[in-house]
Structures are given as structure tokens and as C-alpha cells.
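So the chains spell out like this:
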Amino acid sequence: MTSARQKSYGVKAAPYAHPSPTTALKGALRAPYFFLVPASVLFALFFVLPIGYAVWLSLHKVRISGLGLGSGARKEVWAGLENYTDAFKDSELLHGALRVLGYGAIVVPVMLGLALLFALMLDTDRVRLAPFSRLSIFLPYAVPGVVSATLWGFLYLPDVSPFYFVLGKLGLPEPNLLDGGPLYLALSNIAVWGGTGFNMIVIYTSLQAIPAEVYEAAKLDGATPLQIALKIKIPMVAPSLVLTFFFSIIATLQVFSEPTLLKPLTNSVSTTWSPLMKVYRDAFGTGDVYAAAAEAVIIALVTFVLSFGFLRAANSGTKQGEAR
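Counting starts from 1 at the beginning of each chain's written sequence and moves along it residue by residue. Local features are withheld for residues below a pLDDT of 70 in this predicted model, meaning they are given only at 70 or higher, and side-chain atom pairs are given and counted only at 80 or more; totals for whole chains, interfaces and linings count all residues. Side-chain measures here rest on the full set of heavy atoms in the structure, leaving out hydrogens and waters.

Per an unreviewed UniProt entry, the recorded name for the protein chain is Carbohydrate ABC transporter permease, and the organism is Streptomyces yaanensis. UniProt positions are given in the numbering used here, feature names are shortened, and annotations may be inferred rather than shown by experiment. Listed in UniProt under the heading Subcellular location (unreviewed entry), the comment for the protein chain reads: "Cell membrane".

### Observations concerning the side chain of Ser-240
Looking at the secondary structure, you find Ser-240 in helix H11 (residues 238-253). We call two residues contacting when some pair of their heavy atoms lies within 4.5 Å. Once residues within four sequence positions are removed from consideration, Ser-240 is found in contact with Val-202, Ile-203 and Ser-206. Every helix listed is a DSSP run of H or I at least four residues long, and every strand listed is a run of E at least two residues long, numbered separately from the N terminus.

### Overview of the environment of Ile-203
Residue placement: Ile-203 occurs in helix H8 (residues 182-208). Considering only alpha carbons, one finds Ile-203 and Ala-119, 84 residues apart in sequence, at a separation of 6.2 Å. In this structure Ile-203 touches Ala-115, Leu-116, Ala-119, Val-237, Ser-240, Leu-241 and Thr-244, once residues within four positions along its chain are discounted.

### Digging into the UniProt feature "transmembrane region" (unreviewed entry) in the protein chain
Here, UniProt's "transmembrane region" (unreviewed entry) annotation points to residues 33-56, 100-123, 135-157, 183-204, 236-256 and 289-311. Within the segment residues 33-56, helix and strand shares are 100% and 0% respectively, and the terminal C-alpha atoms sit 30 Å apart. Annotated as residues 289-311, this span is 100% helix and 0% strand, and its ends, taken at the C-alpha atoms, are 32 Å apart.

### With respect to helix H4 (residues 91-122)
In an α-helix, one turn spans 3.6 residues; hence positions three or four apart end up facing the same way. A helix's residues, less one, multiplied by 1.5 Å, set its expected span. With 32 residues, H4 should cover 46 Å at 1.5 Å per step; its first-to-last C-alpha distance of 46 Å lies within 8% of that length. To get the bend at a given residue, fit one axis to the seven residues ending there, fit another to the seven starting there, and take the angle between those axes. At Gly-104, H4 shows its largest kink, close to 25°.

### A closer look at the environment of Leu-276
In this structure, Leu-276 sits in helix H13 (residues 275-285). Residue Leu-276 is classed as partly exposed on the basis of its relative accessible area of 25%. A C-alpha to C-alpha distance of 6.1 Å links Leu-276 and Phe-256, two positions 20 residues apart in sequence. With residues near it in sequence (within four places) discarded, Leu-276 still touches Gln-254, Val-255, Phe-256 and Ile-299. Throughout, exposure labels follow a simple rule: accessible area from a 1.4 Å probe, protein chains only, divided by the maximum for the residue type, with under 20% read as buried, over 50% as exposed, and the rest as partly exposed.

### Brief notes about the pattern of salt bridges
When charged atoms on two side chains of opposite charge get close, those side chains can pair. Only one rule defines a salt bridge in this text: a Lys or Arg side-chain nitrogen within 4 Å of an Asp or Glu carboxyl oxygen. Scanning the entire structure with this criterion turns up 7 salt bridges. Where Asp-123 meets Lys-233, a salt bridge forms, and the shortest distance between an N and an O atom there is 2.9 Å. Of this pair, Asp-123 sits in the loop between H4 and helix H5 (130-142) while Lys-233 sits in helix H10 (residues 225-236); the two residues are 110 residues apart in sequence, bridging distant segments of the chain. With respect to class, Asp-123 is no different from Lys-233; both count as buried.

### Focus: the packing of aromatic side chains
Two rings from Phe, Tyr or Trp (for Trp, the six-membered ring) form a pair when their centres are within 6.5 Å of each other. A pair whose planes differ by under 30 degrees is stacked, one over 60 is edge-to-face, and the rest are tilted. Counted under the stated rule, the structure contains 13 aromatic pairs. Both rings, one in Phe-138 and one in Tyr-141, keep their centres 5.5 Å apart while their planes meet at 45°; by these two values the pair is tilted. Of this pair, Phe-138 and Tyr-141 are both found in helix H5, 3 residues apart, which corresponds to roughly one turn of the helix. Residue Phe-138 is classed as partly exposed on the basis of its relative accessible area, which comes to 28%. According to the relative accessible area criterion, Tyr-141 is partly exposed, its value standing at 41%. Taking the centre distance of 5.8 Å and the plane angle of 50° together, the rings of Tyr-184 and Trp-273 count as tilted.

Written out as C-alpha cells, the structure is:
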């Protein structure tokens, strides 16, 4: 009697069925979309939906009837562009925007100038302890913004700051950095201290990508290190400078942590010092989430327009330079 295993020896195995070229091509074309699904879902949940909900809130308001008591006294109704017109007429929002512009006029050029200077210095052949220097410059960026703002806030207080103690012992004047015009310098110092290291790393990485043959050719032509830096290095890292400037503009328009944490230390910082502080006050202080949503949408649109305009101008300048 023949066993089942013995019978299987005589059975000819069916040939492996290869998929047709058309089926394989369709599968290859669909594969990337399956990999994009997780990122697309997260993007929709945490970016698209919140923006859509903010826009929806900005087009509504609460209508109060009577004394505002009872279940039907407060009713959500369509407001159209009323919240936007009120936001444009709000003097607090306008003054906050002007303060942020003055703040950005100090932060952006100083921070990017120092980042470029440090990157050029670290890219030279004569630099010593380069890894330690890079880490020292980058380390403040690793400190959370809340911690850095709190740290500098106490350093600005005359009663607890060691700087004021030293100035007093030396008989030097003790400026109040938390009042009036010096307040802009105090806030700008926090941003420059925390953001210079990140921008320096971006520019330094671009400098490291420049071929060594370019420097060797310039040295053979008799170029000095200063000429190499001004005429070769800086023009070749222009895309990185554009990128860092772009990020710096966005961060400046969204300043919130620094003035909010310094507010308990001085009366010069109001609850509406910056536009985002005004949005936070309206949403969680007065409870008018509809007006806050309209203000947030306006800030987002202004940021997008400025960023798009700057990138458009930078790209056109780059194309003109290449054409020459």
C-alpha cells in the first residue's frame, strides 16, 4: 500500500505563477501611497483639522438674548467677516504687531550675523577645539525656551542678579532692563542666545559641503582668508542664509514664551504685548474663542504672505545671479 508521502513524490509540482508585467507595474505604483498613509492621517488630524476648525470658529459668534441666563440665552450664530473686521480695528492687536516688528528688527540681523560669524570662524583651518566650540555655541538651543526665559528673567532682576551685584560693587550704573526701551534688548537677548546655535549649525554644515578644490584654487590665485570668506563662502551658503532668515521671521512673528514669562517680573509687559499673547488672552482670559480664532487666522495669513514673498524674492534674486 502506497503512503500519501510516497504518492506526493510522483506528483509534478505546478510551475510558479509569475505576475504579469502590468500587475507588477500597478503594484509598484501603488506602494508609495501606502507608505504615505500614516503621515497623511497625522497631517490631517493635527494640522488640517485644527486649521479648518479655527476658520469655522472665526466665522461665528455667540448671540446673547435677555440677561444671558437659561439654556437658550447663548446661541452660536453665523458672523461672516465680523470677527475679522473687529480684529483689524483692534488697537491692541495693531500695537502688538508693531512691538513685534521692533523686536524682530533687533533679533533677526543680530542672530543671523552672529551665526554666520561663528560658522566662518569654525570653518577656518586655525581654529582650536572645534568640537567643543561647536557644542558650546549650540548648547543654548538645547535649553527649552521656557527655562531660558525664566533664567534670563531672574538675571535681569536687580535684587537677585549677580550682574547687578558686580555693577554695584564697581560703582557703575545699574540699568533697568525690564522697563521701557531696554525691555526690547532684554527680550531680544533671550532669543539671540537661544537661536544663534541652531542657525550656526545650518550655515556651518553648508560650509563643510563646499569642495576643498574651490579653496585651493582661490589660494593659488592669492586670495586672503578674508577674501575667501566674503567672495566664496558667503555667496555659496546663500541658500542656507535664506533658510535661516525664513525660519527666524516665522519665529519672530510667533514670539510668545519670552514676554509671557517676563510679565510677572515687570509691569512693562502687558497681556497683549505680542499678537499671540492677545490671542491667548482673548481665548482663555475673556473666553471669546471666536475673536481669538479670527486673530489667529490673520496672524497665520500674514506669516504665510511674508514668507512666500520673501522666498519669491530670494528665488528671483538667485535666478538673476545664475543668469549673470
